[in-house]
Amino acid sequence: MIEVHDLKKGFAGHAVLEGVSFRIDNGESVAIIGRSGGGKSVLLKHLIALLKPDAGTVVIDGENIVPMDERQLLRVRRKFGMVFQGAALFDSMTVAENVAFGLRRHEHLTEAEIARHVAAALDVVDLPGTETKKPAELSGGMRKRVGLARAIIYEPQIVLYDEPTTGLDPIVSDSIDKLIMSAHRRLKITTVVVTHDMRTARRVGQRVMLLHDRKIYATGMPDEFFASKDPVVRQFVDGVADAKETLF
Amino acid sequence: MILSAKQRMTESLAGLGRFTLLAKDAAASLLTFKVTWRDLLYQIYFIGVKSQLVVLITGAFTGMVFGWQTYVQFHKVKMDTATLAVVGVAVCDELGPVLTALMVAGRVGAAIAAEIGTMRVTEQIDALRTLATHPVDYLVVPRVAAGHIALPLLTIESICVGIGASYVVCVKLLGVDSAYLWYNMLRFTHDVDVAIGFTKAFIFGGIIALIGCYKGMTCGLGAEGVGRATTEAVVYACITILITDFFLTMLLSLLLGQL
């Protein structure tokens, strides 16, 4: 279970999060939406302690991870998998080495067993036979799928997705959405997706949260959330710019 | 951005603190053998084997020039056969470890900072952390350990080649008697000189790798940040080597009874 209480974070005197609080239950799938530059990725990075808050707590399965140092966090992070916006694949390694990284570091498996797990994970993300390729040889969508395979191969309890469909065409986005849903269902993992793609939010989220004005502004089931009459929610869902933000 | 003297001082001290913490973390990790052997071997290959050509050329030509210059002065006082003794002591104590370290700092320090800096700006270091891997264990420790191992070996190569090249210049080009030349070199160059060079090289190897890692892990964002980190890694490593060399020379001379 993830519990965030009164989280505050700023950079160089500029507040990004001001009193963010929410709770995500085990096995739940939540989409966090918000404007670009609104602090969604910053919030996601706090959940796995890649960033430390200025104030507030992040509690994972009853443990507050904020005061932990990097070595103590290693144990907590084994519960997590994370898919980065730019995939963040290790560019000096092949696809197989990237996907097998977590297994090699933390599990005592033979090379044959690792190869079997890697092949199965690549099969799940529909990239069979790409083991020997380097990340530079892959398209953006393929890289994100390899990132997903790397995140789920050791069957974590929680998977965090940072803008999983940004910059991808609608067909590849659709396949990524399906992969996220399928991983969520098959592995019964807690899923947190940060996105500004309404279609992705609607499809993968059992619950949708809107981060607006440095706080969680609204939260609800997808049907009720997308039918909301609240002007801020409506403006974001319909994608309408303010008059003062239009250029011409 | 123009910073005030106070801000510069504060940033320098904060940087020194971060560097010290990284060194402490790396030492703790190294002592608990958290190093991956496969990574360590690759780094020894990268730092040691791939630096050989540049180190051998530097060692050979430094020995040749130093032999020639020493002969020119010693010839005036009819001490031609003492030339290689001076070369031997100077190369073992000073020129071998320092020049080898400076050349490796230029090649390896820059490469380490660029590689780790690129990993930082492309979120690969964050990816390591999400995969429950400590960046110091995975990135810093194999490089620092490899630096400690590779640099003494490169220095020994450089010393041998430097003395050999100087011997050839003295005997073949300057016509000095080879038997007395060699005898004097063995008489005045002691085990302690080799031990001093070896100890210095061991410490310099760690310094080069640690500064490269630190600059890479704390580099600014974007291509400019990586470029600056690369340059600073080489400059800081070279300056640190030269300053450390003086204090090591003093300390080792006292400890090993040269004074």
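Residues numbered from 1 in each chain as written. Chains lettered and ligands numbered in written order. Predicted model: local features only at pLDDT ≥ 70, side-chain atom pairs only at ≥ 80, totals over all residues.

Here we look at the overall build of chain A
The helix and strand inventory of chain A stands at nine helices and ten strands. In summary, chain A has a C-alpha radius of gyration of 18 Å against a globular reference of 18 Å for 248 residues, a match within 12%. For chain A, the spread of C-alpha atoms along the principal axes amounts to about 60 × 40 × 35 Å. Every one of the 248 residues in chain A was classed for burial, and the buried ones make up 40%. Within chain A, contacts between residues separated by at least 24 positions form 65% of all contacts whose residues are at least 6 apart in sequence. (Helix = DSSP H or I, 4+ residues; strand = E, 2+ residues; numbered from the N terminus. Rg over C-alpha atoms; globule rule 2.2 N^0.38 Å. Buried ≥ 20, exposed ≤ 12 C-beta atoms within 10 Å, placed from the backbone. Contact = placed C-beta atoms within 7 Å.)

Some points on the overall build of chain B
Looking only at helices and strands, one finds nine helices and zero strands in chain B. Taken from N to C terminus, the helices and strands of chain B fall in the order α-α-α-α-α-α-α-α-α. For chain B, the C-alpha atoms occupy an extent of roughly 65 × 45 × 35 Å along the three principal directions. Here chain B holds 259 residues, and 46% of them are scored as buried.

Digging into the confidence of the model for chain B
Model confidence for chain B is summarised by a mean pLDDT of 93, while 97% of its residues fall at 70 or above. For this predicted complex, the interface score ipTM comes out at 0.90, alongside a pTM of 0.88. (pLDDT = per-residue confidence, 0-100.)

Focus: the pairing of strand 1 (residues 2–11) of chain A
All names here are of chain A. Sheet topology places strand 1 next to strand 2 (residues 14–24); eight bridges connect them, and they run antiparallel. Bridge pairing in strand 2 places K8 opposite E18. The hairpin formed by strand 1 and strand 2 contains two residues between the paired strands, and A12 there has a positive phi angle of roughly 50 degrees. (Pairing = 2+ DSSP bridges.)

Remarks on helix 3 (residues 52–76) of chain B
Residue and element names in this part refer to chain B. Over its 25 residues, helix 3 extends 36 Å from the first C-alpha to the last, a length consistent with the 36 Å expected when each residue adds 1.5 Å. Those residues of helix 3 lying buried are V55, T58, G59, T62, G63, M64, F66, G67, T70 and Y71. In this structure, the buried residues of helix 3 make contact with helix 4 (83–121) and helix 6 (135–173). Downstream of helix 3 by a residue or two, K78 has a phi angle that is positive, lying close to 55 degrees. (Expected span 1.5 Å × (residues − 1).)

Some thoughts on the sheet that holds strand 4 (residues 55–60) of chain A
What the four strands build is an open sheet, ordered 2-1-4-5 (chain A); its pairing is antiparallel. Looking at strand neighbours, the two that pair on one side only are strand 2 and strand 5 (63–64) of chain A, the edges of this open sheet.

Details of the sheet that holds strand 3 (residues 29–34) of chain A
Sheets are built from strands that pair by backbone hydrogen bonding, the pairs being arranged parallel or antiparallel. All names here are of chain A. Reading across from one edge, 6-7-8-3-9-10 is the order of the six strands in this open sheet, with mixed pairing throughout. Either end of the sheet is taken by a strand with one partner, and the two such strands are strand 6 (80–83) and strand 10 (215–220). Between one strand axis and the next, the sheet turns through 20 degrees on average, direction left out of account. When strand 3 meets strand 8 (residues 190–195), the two strands line up parallel, connected through five bridges. Along strand 8, the bridge assignment pairs A31 with V193. Along the sheet, helix 5 (residues 140–152) makes contact with strand 6 and strand 7 (158–162), crossing strand 6 at roughly 175 degrees. Lying on the sheet, helix 9 (residues 231–238) is in contact with strand 3, strand 9 (207–212) and strand 10; it crosses strand 9 at an angle near 105 degrees. (Axes fitted to C-alpha atoms, helices over the stretch in contact; angles between N-to-C directions.)

Some details on the interface of chain B and chain A
In this assembly, eleven residues from chain B lie in contact with 17 residues from chain A. Taken together, the residues of the side of chain B that touches chain A break down into three nonpolar, five polar and three charged. (Nonpolar A, V, L, I, M, F, W, Y, C, P; charged D, E, K, R; others polar.)

A few points about the nonpolar core
A:V99, A:L160 and B:I208 are the most contacted members of the largest nonpolar core, which totals 133 residues. For this core, the element with the highest residue contribution is helix 6 of chain B, accounting for 18 residues. Among all residues touching A:V99, those that are not within four sequence positions of it are A:V118, A:A121, A:L122, A:V146, A:A149, A:R150 and A:I153. (Core = buried A, V, L, I, M, F, W, Y, C linked by C-beta atoms within 7 Å.)

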